[in-house]
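# Descriptive analysis of the structure
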Amino acid sequence: MLGTLSTSGFEITANENEADLLIVNTCGFIDQAKAESIDTLVELGALKETGRLKFLLAAGCLAQRYGENLLKELPELDGVVGVGDFPKIAEVCRQLLSNKDSRPRLTDTPTFLYNEETPRVRTTPRHWAYVKVSEGCNYRCSFCAIPSFRGDLVSRTPDSVVREVERLAEDGVREVNLIAQSLTSYGWERRERGGLVALLKKLARIDGIEWIRLFYTYPTDFTEPLIELIASEEKICKYVDLPLQHIDDRILREMHRKGSSEEIRRLIDRLRRRIPGLTLRTTFIVGFPGEDETAFQSLHTFVEEVGFDRLGVFTYSPEEGTPAFVLGDTVPNHVKAQRRDRLLKLQARLSRKRNRGMIGKRVEVRVDGPSSETDLLLEGRTQGQAPEVDGVIYISDVGIFPPPRPGDLVTLEVTAAHTYDLVGRVIERSPDRVNVAGDIRSGVHLLP
């Protein structure tokens, strides 16, 4: 949307108080995200009274799911644009400017899949980027509403992804984070069961790209060729994001998840044996209908036994139109919260122990730039620390000259450890090279 607006004569501002028109890209996945989206719309709508704001648009998933209701319930809202109509955003804005009472609602088009020719303004630091390789999902997890508004799996062509990554590399990107609703399903609708492996091999040959990270991999989709490639290709981060959701077999069946608890355990063992230095990230849902204390305790025990490097926990949110919705919301909210907190407390203890074991070790770190906490520190990440979702490593010796630049690789000795973050000092720097990464950020800053 930013790219389309920027190439259509609109001026983008990072300050909502300067805007004549605001666009909120909403989420409709779970109750908490929906509430946050609505609160943001109401909060920003007040700028019509106190600022220069004339128009407010809702875009994205919540707009796709509840567009008509949003327009009815939020008088400050001037229009909605769903997930399939992002290319029409400039057209919608012009429509509002010419007819302020039009209140457009675009939510009927199938999911939009961008390609390498789609205008794009990146809002991440210049040395790393997200690249979406597919939209939609062919799995039908009973708790998940995404297929109802994102549709079935549609993958970009390998050539399209490669050309985009080549252009990103020319612009200074060193780290590519591949995303999709189900990354390991890439190409399956074209009967390309080895599609992701073939794509990764092409991406690994692109000059300038140094790290390739895989997000959102489905556990039963891990083939031997994929495991072998992750293990052997140095450009692919030894990082597996493996959302498991639960480990109790009865709950997994009710969730319509593929694979049993025993298969999941065997996969984890296989990944750790085959991929040296692996960082394993997962997410779980607690409070799914029918989850009793026995089922939860099996999950708690599993987390302690496996010792995940990174772990996120969601409380179950009943979503209209999903198979699980008819099961009711049988676990009280306070019990869900207690179970989430118990898992997170356990994970914090495991993470502290693991991080303390890192003290004195050497790690390769990509510098992101000045710390968000203080100007006295730089901030970076290892291959095992994904941007925006994991911890960071703080670089304490910012006074070295010349200082490391955003995108640089440095070797650190870990000197201190916190629950999720590390601290280190530079002991070796990557060879000098032309740093096309430039400043820490390009493009614009967006509201959360």
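A few points on the structure.

How each quantity is defined
Residues numbered from 1 in each chain as written. Predicted model: local features only at pLDDT ≥ 70, side-chain atom pairs only at ≥ 80, totals over all residues. Heavy atoms only, no water. Pairing = 2+ DSSP bridges. Helix = DSSP H or I, 4+ residues; strand = E, 2+ residues; numbered from the N terminus. Contact = heavy atoms within 4.5 Å. Axes fitted to C-alpha atoms, helices over the stretch in contact; angles between N-to-C directions. Buried < 20%, exposed > 50% of the residue type's maximum accessible area, 1.4 Å probe, protein only. Right-handed = clockwise from strand over helix to strand, strands pointing away. Parallel < 35°, antiparallel > 145°, perpendicular 65-115°, else oblique. Left-handed = near helix turned anticlockwise from the far one by under 90°. Nonpolar A, V, L, I, M, F, W, Y, C, P; charged D, E, K, R; others polar. Expected span 1.5 Å × (residues − 1). Phe/Tyr/Trp six-rings, centres within 6.5 Å; stacked < 30°, edge-to-face > 60°. Lys NZ or Arg CZ within 6 Å of the ring centre and 35° of its normal.

As a further point, take the sheet that holds strand 3 (residues 79–81). Backbone hydrogen bonds are what pair the strands of a sheet, in a parallel or an antiparallel way. Taken together, the four strands give an open sheet; going across it, the order is 1-2-3-4, and neighbouring strands pair in parallel fashion. With one partner strand each, in any of the chains shown, strand 1 (21–26) and strand 4 (105–106) form the two edges of the open sheet. Sheet topology note: the strand 3/strand 4 ladder contains two bridges and is parallel. The residue bridging Val-80 from the neighbouring strand is Arg-105, located in strand 4. The sheet contacts of helix 2 (residues 31–45) involve strand 1 and strand 2 (55–60), and relative to strand 1 the element is tilted by about 170°. Lying over the sheet, helix 4 (residues 61–73) contacts strand 1, strand 2, strand 3 and strand 4, oriented at roughly 135° with respect to strand 2.

A separate point is the pairing of strand 10 (residues 236–241). Extensive coverage of strand 10 is indicated by the burial of six of its six residues. With two bridges joining them, strand 9 (residues 211–214) and strand 10 adopt parallel strand pairing. Directly across from Ile-212, in strand 10, lies its bridge partner Ile-236. Tracing the backbone out of strand 9, into helix 9 (residues 224–232) and back to the parallel element strand 10 gives a crossover that is right-handed. In the sheet, strand 10 pairs with strand 11 (residues 279–286) via three bridges, with the strands oriented parallel.

So, about the packing of helix 7 (residues 158–170) against helix 8 (residues 195–204). Where helix 7 meets helix 8, the axes come as close as 10 Å, and the angle between the chain directions of the two elements is 25°. In this view, helix 7 runs roughly parallel relative to helix 8, as classed from their interaxial angle. In the packing of helix 7 onto helix 8, the handedness of the crossing is right-handed. Contacts from Pro-158, Asp-159, Val-161, Val-162 and Val-165 in helix 7 reach Leu-199, Lys-202 and Leu-203 in helix 8. Grouping the constituent residues of the contact of helix 7 with helix 8 by class yields six nonpolar, no polar and two charged.

On to helix 12 (residues 293–306), then. Taking 1.5 Å per residue, 14 residues should reach 20 Å; helix 12 reaches 20 Å between its end C-alpha atoms and fits that length. Buried positions along helix 12 lie against helix 10 (249–254), helix 11 (261–274), strand 11, strand 12 (310–315) and helix 13 (333–356).

This part covers the packing of aromatic side chains. The final tally for this structure, using the stated rule, is eight aromatic pairs. Ring centres 5.6 Å apart and planes at 35° place the aromatic pair Phe-215 and Tyr-216 in the tilted group. Here Phe-215 and Tyr-239 contribute two aromatic rings whose centre-to-centre distance is 6.2 Å and whose plane-to-plane angle is 75°, an arrangement assigned as edge-to-face. Note that Phe-215 is positioned in the loop between strand 9 and helix 9 and Tyr-239 in strand 10, a separation of 24 residues in sequence. Assigned by exposure class, Phe-215 and Tyr-239 land together as buried. Every member of this aromatic cluster is reached through a ring pair, and the members are Phe-215, Tyr-216 and Tyr-239. Over the face of the ring belonging to Tyr-114 we find Arg-156, whose NZ or CZ atom lies 4.4 Å from the ring centre. Across the ring face of Trp-211, the terminal group of Arg-366 is positioned such that the distance to the ring centre comes to 4.5 Å.

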